Each structure stands twice: as C-alpha cells, then as structure tokens.
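Fold and geometry: a report
Now for the letters of each chain:
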Amino acid sequence: MEISTFVNVMRDSAGIPFYPVVFQGLYVLTWALHAAFVLLALGSMGLSIYGSTQQKSNPYWKILTPHLIMTGKISVSVLIVLGVAPLLFTQVIYDSGWYVANTLSGAWVFIFIYALVIGYMMYYWYQYANKKGSSGNTLIGLISFAILVFCGVLMHNFAVEAISPTKWMEWYAPNGVVDNAGWNMHLDLLRLGFMVSLMIPVTGIFMQNYSRFLSTREDFEPKYLEFVTNLGTKMAVIGLVISAGLFAAWMLRENLLLHPLSLATVISVVMLLVLAAKNTNSYITTGVLVVVALLISGVRELIRYNVMSGIGYDLYGYPMNLEWETIIMFLLTFVVLGFTGIAFILTMAWKVGKTKGIYTAVEGSAVSRLANASLTLFILWILVYFGWGMVALFKNTMGA
Ligand code: HEM
C-alpha cells in the first residue's frame, strides 16, 4: 500500500468533532506549556544537584538548594498533567504517526511509564535525603535526574518516529523481516540537544523572577537575592547563546532557517537575550519567553506538517463530524472551570509567597471568593458531566 493511502485510511472513520486547524492550534499551545515545565523541572533539579554539593560551605546555596528541589518537584507534576493535552491532540489529528511510533517502540512505551514513576519517587527520596542532610543525597538526586532526562529522550524518540513516515516500513520490517519486539530507538541529537539546552535559560529567567518576587519580603536578605539574580542572569545569557546556536544549526539542516516562523523565533530569542541580560523587569522577560516557547512549538508543528503533507497526508481534509455537545462541554470545562480554578491556585500561591509566616485568606477577599467560585463550578461541572453522560448513554442503549 502506498504510504499516502496508508496515512489517510488510518484516520478515524468517525471523523473528528471540530475543525482540524483548531486542534492543531491547541496542540501548539499545550505542547509549549508542557515544554515550559519540562525545562523548569530539569533545569531547577539539575542546578539543585550542584547546590547540594555547595550548601555545606555556602549559606546562600543552603537556602537556594531546597527551593530549587521544591520547584523541580512541583514542575514534574505539572509537566505530567500538561503532557496529556498535546498527547490527546496529536492522537486526534495525527493518529497514524502516534500509533505507529507506539508500535515501533512498544517496549519503550511501557518502560517510559515505569521510568517516570521510579524517577519521580526517587525525587521525593532526594528531597527527603537533602532535608535530613544525608551524605548520599547528591547521588540519589543524580540518579533521579538521569531517569527523568531519559524519559525526555524516550518522548523524543516517539516524536521522531511519528514524523518519519518514509522510514516506517524499514524500521518495522528491516530487510523484509518483521521485527515487532518494540525496541526501535531513533534519536535526532541536534533536535534533542536544542530542546534540552533550553533548560538553562528557562531556569535562569525563573531565578530572576524568584529574586524579584521575594524582594518585597523582609526575611530574605538583599545580598542573597543579589546572588540568585546574578546566577540567574548568567545562566539565562549563556544558555540562550548555546540554545540559539543549536536552533540555527537545526533550522539550517531542516532547510527552514529563512522561514518567517524561524526568523521570528530568532528575533524573539535576541530580544529575550537583551531583556535577560539587562534584567530591568523579569516579568516582562517572562512574557517574551512565553512567545518564544509558542514559536518553538510552532516550528515543531511546521516540520511535522511539511513532512506529513509532503507524503500526501491531507490534515485539513480530515473527515469532520461536527458535534456541538462535545465542543460546548470542552469549552465550558477548559474556559470556565479551568480558568477559574487556575486563577484561584495562582492568586493563592502569589499571596502565600508574599506573606511572612502563615497566610490566612480573609472572608470576602479575592482568594476566598475565587475558592468558593471554583468549588461551586466544580460541583456543577460534576453534575453536568455525569448527568449529560448518563442521558447520552441511555439514549444510545435504549436505541432512541
Ligand atoms: C520527565 C518526564 C518528561 C520529559 C523530560 C519530557 C520531555 C519531552 C521532550 C524533550 C519532548 C520533545 C521531543 C521532541 O520534539 O523531539 C516532549 C514531547 C512530548 N511530550 Fe513529554 N516529557 C516528559 C513526560 C511526558 C508525559 C508524562 C507526557 C504525557 C502524559 C508527555 C507528553 C508529550 C507529548 C505529547 C509530546 C509531543 C510528542 C509529539 O509531538 O510527537 N511527556 N516531551
């Protein structure tokens, strides 16, 4: 069978519930969010391991190291949650690619889950060992870090396989002999190197934010905050130069260096470099970082779109079965419940971080109102979701 016929017939015959371009946009948005927390998790954890070797002799590292460990720990949980969204969107519009990757590397897919569980559990052990001042803390941290980086390598392997349709037959049946062991591993070291290198500037800019945020707290010495800012600025600048070099090399190899999207990325990275080096307002720098993350996610999608349309995959012609119930439920969940819930968590985290000692939300304050709104919306959501589901189920089974 021709590859173009194969990728088109592999599409879900029930169709998708909304316009493919919307799913494509949501994929770009949600992958950028996933990547942001992957980079913050790996970067802060990596730096904390260095910190764990310095904290005995340096009082600043003694404060910073547990904070970095905590940042990484929370980021891993957020990156896992945020990884699900692009996973679903890629399955919806590029199902053939994702399922082929899961077939070619089935064994690695299983290992991925267990590696993530073990790597993350070891992270808790690392945090505990560091708190207790155990001598093996650095080693435990290093092993956990290596396992989590390995998870990223596996994710990269799946992504590379999914966008290599012309090689699928060769990998599935080398020399005509079917190999269904699921141990395929295909890395693109330049692409991977670029992605992973971004953890340095992302963590650097995070540290600039950390110092700015804590500068209003009296219990943090200005000298300590200056130490963190300087380290953050150094990391952001050096990291951005490394990442920019790798990005240019990657784009050159992909023949995309002069594409408007990649030019826009380069310009934004230069802006980011200037802002991070000056560090006048790190919150503005973070805004530009968000734009850069979206652009990089867009470049990834451009590469995939070019590969797939090049072999005759008609993404925008994906059969569509417009289903308003699904769209309304999705939007209500995402926009109303999601935004209110996130606004509550972020407002609370902001207030907690700005308060010395224990923070208590006063009745009628923004935090307390947002908490009540989130809870009410969540209860309503459960009722609507299950109620609606039951109606649909009974309608189908009763044959109405
Ligand atoms: C520590 C754990 C993880 C790390 C370090 C990690 C890292 C990465 C990296 C580096 C990529 C980019 C690969 C590339 O474009 O070459 C990626 C892509 C991706 N990750 Fe993760 N990831 C992790 C966990 C997860 C989890 C738990 C999920 C899902 C629940 C997930 C979902 C995705 C998806 C859907 C993509 C895009 C795949 C594609 O476009 O084909 N990741 N991840």
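About the cut-offs
Residues numbered from 1 in each chain as written. Predicted model: local features only at pLDDT ≥ 70, side-chain atom pairs only at ≥ 80, totals over all residues. Heavy atoms only, no water. Salt bridge = Lys/Arg side-chain N within 4 Å of Asp/Glu carboxyl O. Helix = DSSP H or I, 4+ residues; strand = E, 2+ residues; numbered from the N terminus. Buried < 20%, exposed > 50% of the residue type's maximum accessible area, 1.4 Å probe, protein only. Donors = N, O, S within 2.8 Å, 3.2 Å for Na, K, Ca; no water. Contact = heavy atoms within 4.5 Å. Domains from an automatic or database assignment. Buried area = accessible area lost by both parts, 1.4 Å probe. Polar contact = N/O pair within 3.5 Å; in protein donor to acceptor, adjacent residues only side chain to side chain. Nonpolar A, V, L, I, M, F, W, Y, C, P; charged D, E, K, R; others polar.

Glancing now at the pattern of salt bridges. Charged atoms that come close allow side chains of opposite charge to pair. This model, assessed by the stated rule, comprises four salt bridges. Asp-188 serves as the salt-bridge partner of Arg-253, at 2.7 Å between the closest nitrogen and oxygen. Linking Arg-253 in helix α10 (residues 222–253) with Asp-188 in the loop between α7 (168–172) and α8 (189–197), this pair joins segments that are 65 residues apart in sequence. Among the residues examined, Arg-253 registers a relative accessible area of 43% and is labelled partly exposed. By relative accessible area, which is 16% here, Asp-188 ends up buried. Measuring nitrogen to oxygen at the nearest pair gives 2.7 Å for the salt bridge that ties Glu-254 to Arg-253.

What follows deals with the environment of Ser-135. Within the secondary structure, Ser-135 is located in the loop between α5 (106–132) and α6 (137–162). For the pair Ser-135 and Glu-254, spaced 119 residues apart in sequence, the C-alpha separation works out to 46 Å.

In this section: the coordination of the iron atom of the ligand. Protein coordination of the iron atom of the ligand is limited to a single donor, His-34 (NE2), positioned at 2.2 Å. With respect to the helices and strands, the residue His-34 is situated in helix α2 (residues 20–54).

What follows covers unusual backbone geometry. Across residues other than glycine, the phi torsion is negative in most instances, and most of the peptide bonds are trans. The phi torsion at Asn-175 lies on the positive side, around 55°, for a residue other than glycine. The residue Asn-175 is located in the loop between α7 and α8 in this model. A positive phi is found at Asn-255, a non-glycine position, where the angle reads about 60°. Along the chain, Asn-255 falls in the loop between α10 and α11 (260–278). Note on Asn-255: relative accessible area 72%, which makes it exposed.

Once that is clear, we can look at the side chain of Thr-285. Here Thr-285 shows up in helix α12 (residues 282–310). Excluding its chain neighbours within four sequence positions, the residues that come into contact with Thr-285 are Ile-205, Leu-272, Leu-275 and Ala-276.

The next point concerns the domain arrangement of the protein. Looking at the assigned domains, one finds that the protein contains domain 1 (3–322) and domain 2 (323–400). Placing the centre of domain 1 and that of domain 2 at their C-alpha centroids yields a distance of 28 Å. Facing the 12 residues of domain 1 at the interface are 11 residues of domain 2. Between domain 1 and domain 2, a total of about 1100 Å² is buried, with carbon and sulfur atoms accounting for 69% of that surface. When residues of domain 1 are sorted by the area they lose upon contact with domain 2, Phe-213, Arg-217 and Leu-322 head the list and together hold 44% of the total. Counting across the domain 1 and domain 2 interface gives zero salt bridges. Linking domain 1 with domain 2 are six residue pairs in polar contact (both at pLDDT 80 or more), by the criterion used here. Within the side of domain 1 that touches domain 2, the residues separate by chemical class into eight nonpolar, two polar and two charged.

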